[in-house]
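# Structural features, examined
Below, each chain spelled out in residue letters.
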Amino acid sequence: MDTVFDTIIVGAGTAGSLLANRLSKDPNRRVLLLEAGGNDNYHWIHIPVGYLYCINNPRTDWMFRTQSEAGLNGRSLIYPRGKTLGGCSSINGMIYMRGQARDYDQWANLTGENEWSWSACLEDFKAHEDSFRLDGKSGETPDGFHAGGGEWRIEKQRLRWEILDAYAKAATEAGIPATDDFNGGDNTGVSYFEVNQRAGWRWNTSKAFLRRARDRKNLSIWTGCHVEKLDLKRNGDGQLRCVGVRLRKNGHTVHAEAKSEVILSAGAIGSPQILQLSGIGAGDHLSKHDIEVKHELSGIGQNLQDHLQLRTIYKVAGAKTLNQMANSWWGKAAIGLEYALKRSGPMSMAPSQLGIFAKSTPDREHANVQFHVQPLSLEAFGQPLHAWPGITASVCNLNPTSRGSVMISSPRSEDAPTIAPNYLTTEEDRTVAADAIKLARKVAGQKALQQYNPEEMKPGAAFQSDVELARAAGDIGTTIFHPVGTAKMGRADDPSAVVDSHLRVKGIEGLRVVDASVMPTITSGNTNSPVLMIAEKAARWILADS
């Protein structure tokens, strides 16, 4: 088995799959792509509703949990991260969302690199885009926001719901405008989400970027490989360099050598964990676990940000919801038959169908909350649907000010790190949480929904004051699976930055991080497609550097 390569990519998820595709286009570059999980041949990965069977399943999920969270009134949450080819794109909600232009302009300001501005990032989004808007056409849409012919397929959803149409109308009655495109730089408005699907099947990054590339002779893809640490050496002048990785494959230790560089794309949990296990991080924490400090970078594992969704639930009457459709074997059989024959119906749907971006209060400068509205309700993820017809309007703060951490819990790579998101630990976040629940109530109170007699079940009408609502948010809040920021990029004089503006780890040659962990601030929306954009940009830089 050849163990010498030019480039080694750790993690065959969202970023890693695109990087492997782009870098191996150069036939003279030998690329190794490593994945701890297995092939993406589990059938539930590809059926859109199958996320229910992939999350918290060791076949496809790392099975992480958070620490008990004070802001969540002592609760601990499951923290799903994809562990299979395609990574989180194999188990996520399939929503195509770029965020807001201001997100990227802020990155450009924080890093001093104009390539992170919205106008520059837009080109990297379009570089791999295959939008339904361009079907049968070439080039770009007239507004310049979308492209066709790329690998990353984006389609309209294949079903609508009367109750969600009514909810959308209620949102407009509440002053939130309708929109037909969340991805033009300002996502304010209400619309059905666009999704990463092709003809009713999930479209993950393994299909998009590895399917055609994996036959290239210069690309090796190893699954079932658990990376234990990075191999580091000092040059004659004392400069530290990453020269490869140490991994476990089929019960054996293997050292894979990288002549050019190693790229960590293991995600916002995995990448900081691997760095710390390799002796890169906060020296006092590493020493506590008897790990030799190779390079002090105190920002590694810090700056964790995530979107906390507050699951407001309403009982409705006179409307079809998934609760009734799936409450019998006959109903389930009808759902399965529709999908088998038409690739439509509830089995084709993303976890959330209707989206809203709005201001939590009128004095906000921009949309700062996002709704994921579902034609179903349940007590908690993994539990049965309610026996009564219901809808869920999950609302999250797009720009939380609370910051958490991901820190190794032992020197063993097999042990999960300690994940502490620190949700709702700032007054600003508690205020937005209370205002978000009030906004959900405002929408539910509009004329368009009154024929369905919406009755608030969670958090419940008993919670009225801001203090009560903030505490209720701790009871109904849960992750929407968007952790970022734990190896953030920044300027040379930023002591908390882990990588520079071109994603090179500060102070170490031959090592980059390319995944959600490099985001200095979280994007204003779902994070999967922004990670692809980051990887697209990084691939251009890496090829240019060579």
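These numbers come from a predicted model, not from an experiment. (Residues numbered from 1 in each chain as written. Predicted model: local features only at pLDDT ≥ 70, side-chain atom pairs only at ≥ 80, totals over all residues. Heavy atoms only, no water.)

### Observations regarding the overall build of the chain
Cut-off, in case you're wondering: Only runs of H or I of at least four residues qualify as helices and only runs of E of at least two qualify as strands under DSSP, and these elements are numbered from the N terminus. Only C-alpha atoms enter the radius of gyration; for comparison, a globular chain is expected to reach 2.2 Å times N to the power 0.38, where N is the number of residues. Only protein chains enter the area calculation, which uses a 1.4 Å probe; residues under 20% of their type maximum are buried, those over 50% are exposed, and those in between are partly exposed. The method behind every accessible area is Shrake-Rupley, applied with a 1.4 Å probe, and residues are considered shielded solely by the protein chains displayed.
Along its length, the chain carries 15 helices and 25 strands. For a compact globule of 546 residues, the expected C-alpha radius of gyration is about 24 Å, and the chain comes in at 23 Å, within 12% of that figure. In terms of overall dimensions, the chain has a C-alpha envelope of 75 × 50 × 45 Å along the principal axes. When each of the 546 residues of the chain is scored for burial, the buried share is 62%. Here the chain has roughly 20600 Å² of accessible surface; of this, 50% comes from carbon and sulfur atoms.

### Some points on the sheet that holds strand S6 (residues 152-156)
Our working definition: Between any two strands, pairing holds if DSSP finds at least two bridges.
Taken together, three strands build an open sheet; the order of strands is S5-S6-S8 and the sheet is mixed. Lying at the two open borders of the sheet, with one neighbouring strand each, are strand S5 (129-131) and strand S8 (194-195). Of the pairings in the sheet, the one linking S5 to S6 comprises three bridges and is parallel in character. The partner of Ser-131 across the bridge, within S6, is Ile-154.

### Some details on the packing of aromatic side chains
Note the threshold: Only the six-membered ring of Trp is used, alongside the rings of Phe and Tyr, when aromatic pairs are assigned; centres must lie within 6.5 Å, and planes under 30 degrees apart are stacked while those over 60 apart are edge-to-face, with the rest tilted.
In this structure the tally under the stated criterion is 13 aromatic pairs. Summarising the aromatic geometry, the rings of Trp-116 and Trp-541 are spaced 5.6 Å apart at their centres and angled 85° between planes, so their arrangement reads as edge-to-face. With a gap of 425 residues between them, Trp-116 in the loop between helix H4 (101-111) and helix H5 (118-126) and Trp-541 in helix H15 (residues 528-545) connect regions that are remote in the sequence. For the pair Trp-116 and Trp-541, one class covers both residues: buried. Pairing Trp-152 with Phe-209 gives two aromatic rings, centres 6.3 Å apart and planes at 25°, and the pair type is stacked. Linking Trp-152 in strand S6 with Phe-209 in helix H7 (residues 205-210), this pair joins segments that are 57 residues apart in sequence. Both residues of the pair, Trp-152 and Phe-209, belong to the buried class.

### Brief notes about empty space enclosed by the protein
Our working definition: A 1.4 Å probe that fits into a set of points on a 1 Å grid over the protein atoms alone but cannot get out defines a cavity; an open set with protein on both sides within 12 Å along at least five of seven lines defines a pocket, and lining residues are those with an atom within 4 Å of a point. Grid points are joined across faces, edges and corners, and a volume is the space filled by probe spheres set on the points. Basically, the charged four are Asp, Glu, Lys and Arg, the nonpolar ten are Ala, Val, Leu, Ile, Met, Phe, Trp, Tyr, Cys and Pro, and anything else, Gly included, counts as polar.
All chains considered together, the criterion is met by two cavities of 30 Å³ or more. For the largest cavity, the calculated volume is near 170 Å³. For the lining of the largest cavity, the secondary-structure elements that each account for two or more residues are strand S17 (308-315), strand S20 (390-397) and helix H12 (427-444). Here the lining of the largest cavity gets four residues from one element, more than from any other, and that element is H12. Residue composition of the lining of the largest cavity, by class: 12 nonpolar, five polar and two charged. Its boundaries defined by the atoms lining it, the second largest cavity holds a volume of some 30 Å³. In this structure, the second largest cavity is lined by Ser-89, Asn-92, Met-94, Trp-152, Asn-196, Arg-202, Trp-203 and Asn-528.

### A short note on the side chain of Ser-265
Summarising the element assignment, Ser-265 is placed in the loop between strand S14 (252-264) and helix H8 (267-277). By relative accessible area, Ser-265 is classed as buried at 7%.

### Remarks on the layout of surface pockets
There is about 350 Å³ of room inside the second largest pocket. Considering the residues around the second largest pocket, the lining is formed by 20 residues, among which Lys-156, Arg-160, Ser-191, Tyr-192 and Phe-193 are closest to the centre. If one sorts the elements of the lining of the second largest pocket by residue count, strand S7 (residues 189-192) sits on top with three residues. Its residues assigned to classes, the lining of the second largest pocket comprises 11 nonpolar, three polar and six charged.

### As for helix H6 (residues 162-173)
Keep this limit in mind: Multiplying 1.5 Å by the residue count of a helix minus one yields the expected span of that helix. The contact criterion used is simple: two residues touch if any of their non-hydrogen atoms lie within 4.5 Å.
Compared with an ideal rise of 1.5 Å per residue, which puts 12 residues at 16 Å, H6 spans 17 Å between its outermost C-alpha atoms and is within 8% of the ideal. Those residues of H6 that sit buried are Ile-163, Leu-164, Ala-166, Tyr-167, Ala-168, Ala-170 and Ala-171. In this structure, the buried residues of H6 make contact with S7, strand S18 (354-358), strand S19 (369-374), S20, H12 and helix H13 (447-450). Just downstream of H6, Gly-175 is the residue with a positive phi angle, here 100°.

### Remarks on the environment of Ser-402
Quick note on the threshold: N or O atoms closer than or at 3.5 Å make up a polar contact, with two conditions inside protein: a donor-capable atom paired with an acceptor-capable one, and, for residues adjacent in sequence, both atoms drawn from side chains.
Relative to the assigned elements, Ser-402 resides in the loop between S20 and strand S21 (405-407). In sequence terms Ser-402 and Leu-424 are 22 residues apart; their C-alpha atoms lie 6.3 Å from each other. From its side chain, Ser-402 meets the backbone nitrogen of Thr-425 in a polar contact 3.1 Å long. A polar side-chain atom of Ser-402 sits 2.6 Å from a polar atom in the side chain of Asp-429.

### Overview of the pattern of salt bridges
What counts here: When a carboxyl oxygen of Asp or Glu lies within 4 Å of a side-chain nitrogen of Lys or Arg, that pair is called a salt bridge.
Summed over the entire model, instances satisfying the criterion amount to 31 salt bridges. A salt bridge links Lys-126 to Glu-123; the shortest N-O distance between them is 3.3 Å. Linking Lys-126 with Glu-123, this pair stays in helix H5, spanning three residues, or about one helical turn. Given the relative accessible area of 8%, Lys-126 is considered buried. Where Glu-194 meets Arg-133, a salt bridge forms, and the shortest distance between an N and an O atom there is 2.5 Å. Note that Glu-194 is positioned in strand S8 and Arg-133 in the loop between S5 and S6, a separation of 61 residues in sequence. Through salt bridges with shared partners, a single ionic network connects Asp-130, Asp-135, Arg-153, Glu-155 and Arg-198.

### Looking at the nonpolar core
As a reminder, the rule being used: In this description, a nonpolar core means a group of buried Ala, Val, Leu, Ile, Met, Phe, Trp, Tyr and Cys residues linked to one another through side-chain atoms lying within 4.5 Å.
One finds Ile-8, Leu-34, Trp-116, Leu-230, Val-245, Leu-503 and Leu-511 to be the most contacted residues of the largest nonpolar core, which totals 77 residues. Here Leu-230 is in contact with Cys-242, Gly-244, Val-245, Val-262, Leu-264, Ile-274, Leu-275, Ser-278, Ile-280 and Leu-511, once residues within four sequence places are set aside.

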